Amino acid sequence: MTKSSTVRRSFSPCAVAAFAFATTLLTVPFAGASAQTLGYAPMQQQAYPQDQGYAQGYVNDAPQAADEDAQLPDRMRRQIVGFDRSEPAGTIVIDTNNTYLYYVLGNGRAIRYGVGVGREGFTWSGVQSVSRKAEWPDWRPPAEMIARQPYLPRFVAGGPGNPLGARAMYLGSSEYRIHGTNDPSTIGKFVSSGCIRMTNEDVTDLFGRVNVGAKVVVLPKNAPLMAKGGDPVRKRPAVTALPSGRQALNVTTTAVN
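Note that this is a predicted model, so its numbers are computed, not measured.

Quick word on the pattern of salt bridges
Applying the stated criterion across every chain yields a total of seven salt bridges. In this structure, the salt-bridge partner of Arg77 is Asp74, at a minimum N-O distance of 3.8 Å. For Arg77, a relative accessible area of 31% corresponds to the partly exposed category. Here Asp205 and Arg209 are joined by a salt bridge, their closest N and O atoms 2.9 Å apart. Pair noted here: Asp205 and Arg209 are both in helix H6 (residues 200-209), with a separation of four residues, about one helical turn. Residue classification places Arg209 among the partly exposed residues on the basis of a relative accessible area of 35%.

Quick look at the structure:
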């Protein structure tokens, strides 16, 4: 009887009320409090029309799926194809119009990769060579890009959230690069400010094959198809005069990424 009386006293009405109040406080999510109550306004992500690929790449720092190739259309996936140009093995040829990069194997064959290329006004053509290679490169936006997008960071360390992706191959002394991307949805599109984008899987594969000094041929947007078989999906438009602006920039001219 004494034991039963002690238990009842330990759960007096005041104690029960205090316990219920504390439980209520713990079950109210902190995130449910309004921004005004906490004395700040939530930051909104701003949309910018220029260089959206890099802006999206910078803010999107979530790791990508392990198999990025699975996210690509079939025609953009890495494959060995027939190749009838005269470049020697080890050369890189970029078909700007069809958004393909070819790594020449020799004997009439090449590895074809899907890439993202410069958007309207930022495509270019010419011959360069790989001057440097870097794994998980840092990103320093050039002055021209910062002038257009002053909100961009001045430096981003290499890593999954870096717009240059897992690998970069620098082209001569220009600002152009062949590099990875943390946004595979840009592959097969005209999206960049002149650089050639690949999935991180593909750029890592190419990086392991290419030597410093390798020749890189970037064909103009209206160049004839160079590989055997053609592309059944993307039809080449009629050849027209190059538009004004940066369409036919020399690769040694300082340019944005």
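Considerations on the sheet that holds strand S7 (residues 167-171)
The strand order S1-S4-S3-S2-S11-S6-S7-S8-S10 describes an open sheet built from nine strands, whose pairing is mixed. The open sheet has two free edges, formed respectively by strand S1 (79-82) and strand S10 (196-199), since each of these has just one partner strand. Direction aside, the axes of adjacent strands within the sheet are offset by 35 degrees on average.

Remarks on the nonpolar core
Core analysis: the biggest nonpolar cluster contains 23 residues, and Ile92, Leu101, Ile178 and Leu206 have the highest contact counts within it. Contributing elements (two or more residues each) for this core: strand S2 (92-95), strand S3 (100-106), strand S4 (109-114), S7, S10, H6 and strand S11 (215-219). Per element, the largest residue contribution to this core is three residues, and it comes from H6. Not counting residues within four places of it along the chain, the set of residues in contact with Leu101 comprises Ile92, Val93, Ile94, Ile111, Arg112, Tyr113, Val115, Ile178, Ile196, Met198 and Leu206.

Some remarks on the pairing of S10
Two faces make up the sheet, and in a regular strand the side chains alternate between them. Here S10 shows a buried face lined by Ile196 and Met198 and a second buried face lined by Arg197 and Thr199. Bridge analysis of strand S8 (residues 177-181) against S10 gives four bridges, and the strand direction is parallel. Its bridge partner lying in S10, Ile178 is registered against Ile196.

Overview of the packing of aromatic side chains
Tallied over the full model, the rule gives three aromatic pairs. Ring centres of Phe83 and Tyr102 lie 5.2 Å apart, and the angle between their planes is 40 degrees; on these two criteria the pair is classed as tilted. Placement of Phe83 in the loop between S1 and S2 and of Tyr102 in strand S3 is noted, with a sequence separation of 19 residues between them. A ring pair is formed by Tyr100 and Tyr102, whose centres lie 6.1 Å apart and whose planes are at 75 degrees; its orientation type is edge-to-face. We note that Tyr100, like Tyr102, is buried. An aromatic cluster is present here, built from Phe83, Tyr100 and Tyr102 joined pairwise through their rings.

Points about the environment of Asp183
Within the secondary structure layout, Asp183 lies in the loop between S8 and strand S9 (190-192). With 17 residues separating them along the chain, Asp183 and Asn200 place their C-alpha atoms 9.3 Å apart. Within the local environment of Asp183, its side chain forms a polar contact with the side chain of Ser185, the two groups lying 2.5 Å apart.

Considerations on unusual backbone geometry
Glycine aside, residues mostly have negative phi angles, and peptide bonds mostly take the trans form. Phi is positive for Thr99, close to 50 degrees, though the residue is something other than glycine. Its location among the elements puts Thr99 in the loop between S2 and S3. One non-glycine residue, Trp136, adopts positive backbone phi at about 45 degrees. Locating Trp136 in the fold gives a position in the loop between strand S6 (126-135) and helix H5 (143-148).

Conventions adopted
- Residues numbered from 1 in each chain as written.
- Predicted model: local features only at pLDDT ≥ 70, side-chain atom pairs only at ≥ 80, totals over all residues.
- Heavy atoms only, no water.
- Salt bridge = Lys/Arg side-chain N within 4 Å of Asp/Glu carboxyl O.
- Buried < 20%, exposed > 50% of the residue type's maximum accessible area, 1.4 Å probe, protein only.
- Helix = DSSP H or I, 4+ residues; strand = E, 2+ residues; numbered from the N terminus.
- Pairing = 2+ DSSP bridges.
- Axes fitted to C-alpha atoms, helices over the stretch in contact; angles between N-to-C directions.
- Core = buried A, V, L, I, M, F, W, Y, C linked by side-chain atoms within 4.5 Å.
- Contact = heavy atoms within 4.5 Å.
- Phe/Tyr/Trp six-rings, centres within 6.5 Å; stacked < 30°, edge-to-face > 60°.
- Polar contact = N/O pair within 3.5 Å; in protein donor to acceptor, adjacent residues only side chain to side chain.

Honestly, it's all geometry; don't read function into it.
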